Amino acid sequence: MGGICSSQSEGGICCCEVNYDSSDDEDVVITRDEYGNEESSSSSDARKPLLGDNGKRSRPGSSSGARIDGKSNITTSTYTAPSLEAIVDLEESTSNTEPKIERWRARIKIQAVVRGFLARRRFKKLRRRMLVCREILNTEESYVKSLQLMLALGLFPLREALRVPDRTIISDQEIRILFSSIEVLVPLHQVFLEKLRPKILKFNIDTVIGDAMDELTKYVRIYTDYINNYDQSRDLLNTLTVGPKANRRFVNFIANFHDHPDTLPIGDLASFLIMPIQRIPRYRLLLDSLISCTSPTHPDVPLLKSTMAKIKEIADYINDRKRVRDQSQDVLRIYSLLKPPVQDLVQPGRHLLMEGNLVELDLQKPLADQESSYFYLFNDLLIKTHEKRKGEKYKVEKVIQLREYTVVKNPDPDTRAPLDPSITKPKYHLPPGTFLLRSDGPNMLLHAATLVDSDKWSDTIDNAIGSVMRKLSTLKITPEARAGNVKDQIARQYTDPNMVSSMASQAPPSSP
């Protein structure tokens with residue numbers, strides 16, 4: 001580095017130049033103290049921190065000082081370095097903050113994913129609700145159109161033909177049986193459709209259709225008349241179109257009905273007549289789907305649930321009627337299998353409960369030597385039969401009126417009254433699965449193959465006896481009636497007039 005010239009110009013101003021080697025990387029800084037003494041320092045020294053007396057870093061403004069050339073103290077500020085503990089605490093706080101930030105970012109991301117999932121699920125649910133509403137509308141439009149076709153191409157032409165005696169196809173009574181209350185159902189569903197259509201065509205998240213559905217259920221009881229008459233209507237249709245009593249004019253009329261372009265997609269008249277029977281269960285399924293895709297807080301939910309309860313009641317009634325119809329078919333089937341035929345077996349209200357093999361025990365014979373019989377249990381009768389050969393008719397051995405018996409489970413032959421006056425003591429104890437039918441006359445000791453079958457038979461017979469006795473208790477019957485004509489009064493107690501005529505037309509003639 002270059003030196004400092006000793007000469008000064010007048011006024012105490014130094015005229016010397018500072019010369020330094022250009023190859024040197026350090027810059028020289030010249031300063032003067034308060035007495036005019038010169039000091040030099042390199043740029044590297046200027047960047048070094050100041051040290052106090054104790055060797056610590058100092059900064060301007062600190063209380064520590066240093067003597068220069070022994071002349072004076074230069075007051076400078078000192079910088080106190082942070083302690084090692086402070087540095088460690090700072091690093092730890094920084095390291096603890098970063099994982100917290102990452103956790104918050106992860107939480108925000110999870111919340112965004114969940115909110116997106118819930119939004120998509122709400123959208124899918126709303127879309128499904130819209131599709132179910134449209135299905136209700138489409139099926140209702142198709143149903144109303146079918147009812148109108150049945151009137152326009154079926155009921156009205158048949159009525160019109162009555163005005164001209166030579167053109168009469170079927171009688172007015174047969175028309176009323178065939179179509180029942182269909183004429184009342186058409187305007188009812190037309191009004192419902194007019195209320196439903198604008199709601200669904202302008203569907204949005206707040207659309208409510210439960211009020212229109214609930215209004216329909218106020219008149220849905222009209223369906224009960226149609227349901228009660230349906231069996232008779234179907235039987236009449238079969239009578240008029242099939243068999244020796246077929247009405248040729250009506251057969252030609254039905255052929256034209258089937259060939260009409262509007263009726264071809266649906267089928268024959270029978271398919272039209274069953275539509276009102278199928279509509280109520282269809283409402284039930286659609287309402288169930290609509291409720292499942294509607295938010296519990298939606299204002300439509302209370303109305304839909306109220307409507308669902310009413311529709312369910314009608315649907316259950318339809319199912320009961322169908323079950324009774326199936327049961328009556330079972331009675332007719334059994335009637336055709338029995339020989340000789342059981343008088344008055346086909347009765348309104350009588351239905352089959354169980355059928356199967358049982359052994360009527362004879363205590364004078366070993367159990368292994370006794371043959372089983374085939375029993376038919378009705379709600380008021382028990383018939384014992386024997387099959388001669390497979391596929392042949394069953395020979396009737398006994399017809400038992402349940403009202404005359406009571407059921408005793410697990411009877412003990414040593415303690416009970418003898419089954420027959422001629423028997424003083426049985427040869428063996430009763431095997432498991434045995435139950436007793438006790439009466440004022442001869443008793444019946446029945447044995448089933450398993451304990452489960454025995455319990456099922458005895459419980460079912462006991463329940464049937466209880467039902468018969470409850471019906472008897474509600475009737476005011478004279479002693480003479482109890483002796484002879486009880487079964488007729490029981491039949492009248494739960495007789496449906498429509499079922500009487502229906503079943504009477506199907507029942508084979510009784511043999512003398």
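If you're wondering where the values come from, they're calculated on a predicted model, not measured in any experiment.

Before we go on, may I ask you to explain unusual backbone geometry in this structure?
Keep in mind that most residues, glycine aside, have a negative phi and that most peptide bonds are trans. Each neighbour pair has its own omega, and for lysine 339 with proline 340 the value is -5°, a cis peptide bond. Within the secondary structure layout, proline 340 lies in the loop between strand S7 (338-339) and strand S8 (352-360). One non-glycine residue, serine 180, lies in positive phi territory at about 50°. A relative accessible area of 26% places serine 180 in the partly exposed class. For aspartate 344, which is not glycine, the phi dihedral falls at a positive 55°.

How should I be thinking about a positive patch on the surface in this particular structure?
There is a patch of like positive charges on the surface, built from Arg121, Arg122, Lys125 and Arg128. Among the structural elements, lysine 125 can be located in helix H2 (residues 84-162). Exposure remark for lysine 125: the relative accessible area of 35% places this residue in the partly exposed category.

Can you help me understand the sheet that holds strand S10 (residues 381-387) in this one?
By way of backbone hydrogen bonds, the strands of a sheet pair with one another, either parallel or antiparallel. Taken in spatial order, the 8 strands of this open sheet run S7-S11-S10-S9-S8-S14-S13-S12, and their pairing is mixed. The strands lining the two open edges of the sheet, one partner per strand, are S7 and strand S12 (406-409). Pairing geometry for S12 and strand S13 (residues 434-438), over 4 bridges, is antiparallel. Bridged to lysine 409 within S13 is phenylalanine 435.

Help me out: how do you make sense of the side chain of threonine 139 in this one?
With respect to the helices and strands, threonine 139 occurs in helix H2. Judged by relative accessible area, which is 14%, threonine 139 ranks as buried. A polar contact of 3.3 Å, which involves the side chain of threonine 139, links it to the side chain of arginine 279. Excluding its chain neighbours within four sequence positions, the residues that come into contact with threonine 139 are Arg279, Arg282 and Leu286.

Sorry if this is basic, but what is going on with the pattern of salt bridges here?
One side chain can pair with another of opposite charge once the charged atoms of both are near each other. Under the counting rule described, the total for this entry stands at 19 salt bridges. With a closest N to O distance of 3.3 Å, lysine 199 and aspartate 211 form a salt bridge. Of this pair, lysine 199 sits in helix H4 (residues 182-201) while aspartate 211 sits in helix H5 (residues 210-217), and the two are 12 residues apart along the sequence. We classify aspartate 211 as partly exposed; its relative accessible area is 36%. Between glutamate 360 and lysine 384 there is a salt bridge, with the nearest N and O atoms lying 2.5 Å from each other. Here the residue glutamate 360 occupies a position in strand S8, and lysine 384 occupies one in strand S10, the gap between them amounting to 24 residues. Take glutamate 360 and lysine 384: they sit in the same class, and that class is buried.

Please explain the nonpolar core as it appears in this structure.
One recurring pattern in soluble globular proteins: nonpolar side chains tend to sit buried together. Core analysis: the largest hydrophobic core is formed by 61 residues, its most contacted members being Leu178, Phe179, Phe250, Leu269, Leu273 and Ile280. Per-element accounting of this core gives the leading share, 13 residues, to H2. Beyond its immediate chain neighbours, meaning those up to four positions away, phenylalanine 250 contacts Leu158, Ile169, Ile170, Leu178, Leu237, Leu240, Thr241 and Leu269.

How should the packing of aromatic side chains be read in this particular structure?
For any pair of aromatic rings, geometry is given as the distance between the ring centres together with the angle between the planes. In the structure shown here, the tally under the stated rule is 6 aromatic pairs. Chaining the aromatic ring pairs together yields one cluster made of Tyr374, Tyr376 and Tyr394. Across the ring face of tryptophan 104, the terminal group of arginine 107 is positioned such that the distance to the ring centre comes to 4.9 Å.

Before we go on, may I ask you to explain the pairing of strand S9 (residues 373-378) in this structure?
Note on strand geometry: in a regular strand, side chains alternate between the two faces of the sheet. Among the 6 residues of S9, 6 are classified as buried, and the element is accordingly described as predominantly covered. Taking every second residue as pointing to the same face, both faces of S9 are buried, with Ser373, Phe375 and Leu377 on one and Tyr374, Tyr376 and Phe378 on the other. Both S8 and S9 contribute to a ladder of 6 bridges, which runs antiparallel. Residue pairing in the sheet places asparagine 357 in a bridge with tyrosine 374 of S9. Pairing analysis gives 4 bridges linking S9 to S10, with the strands arranged antiparallel. Bridge assignment links tyrosine 376 to a residue of S10, and that residue is isoleucine 383. The antiparallel hairpin formed by S9 and S10 contains 2 residues in its connecting segment.

Is there a simple way to think about helix H9 (residues 275-292) in this case?
One turn of an α-helix holds 3.6 residues; hence residues three or four places apart share an orientation. Counted at 1.5 Å a residue, the expected span for H9 with its 18 residues is 26 Å, and the 26 Å between its end C-alpha atoms agrees. Among the residues making up H9, those that are buried are Met275, Pro276, Ile277, Arg279, Ile280, Tyr283, Leu286, Leu287 and Leu290.

The rules behind the values
Residues numbered from 1 in each chain as written. Predicted model: local features only at pLDDT ≥ 70, side-chain atom pairs only at ≥ 80, totals over all residues. Heavy atoms only, no water. Helix = DSSP H or I, 4+ residues; strand = E, 2+ residues; numbered from the N terminus. Buried < 20%, exposed > 50% of the residue type's maximum accessible area, 1.4 Å probe, protein only. Patch = residues over 30% accessible without salt bridge, like charges linked within 9 Å, V, L, I, M, F, W, Y side chains within 5 Å. Areas by Shrake-Rupley, 256 points an atom, 1.4 Å probe, with all protein chains shown as cover. Salt bridge = Lys/Arg side-chain N within 4 Å of Asp/Glu carboxyl O. Lys, Arg positive; Asp, Glu negative; His and termini not counted. Charge placed at Lys NZ, Arg CZ, Asp CG, Glu CD. Pairing = 2+ DSSP bridges. Polar contact = N/O pair within 3.5 Å; in protein donor to acceptor, adjacent residues only side chain to side chain. Contact = heavy atoms within 4.5 Å. Core = buried A, V, L, I, M, F, W, Y, C linked by side-chain atoms within 4.5 Å. Phe/Tyr/Trp six-rings, centres within 6.5 Å; stacked < 30°, edge-to-face > 60°. Lys NZ or Arg CZ within 6 Å of the ring centre and 35° of its normal. Expected span 1.5 Å × (residues − 1).

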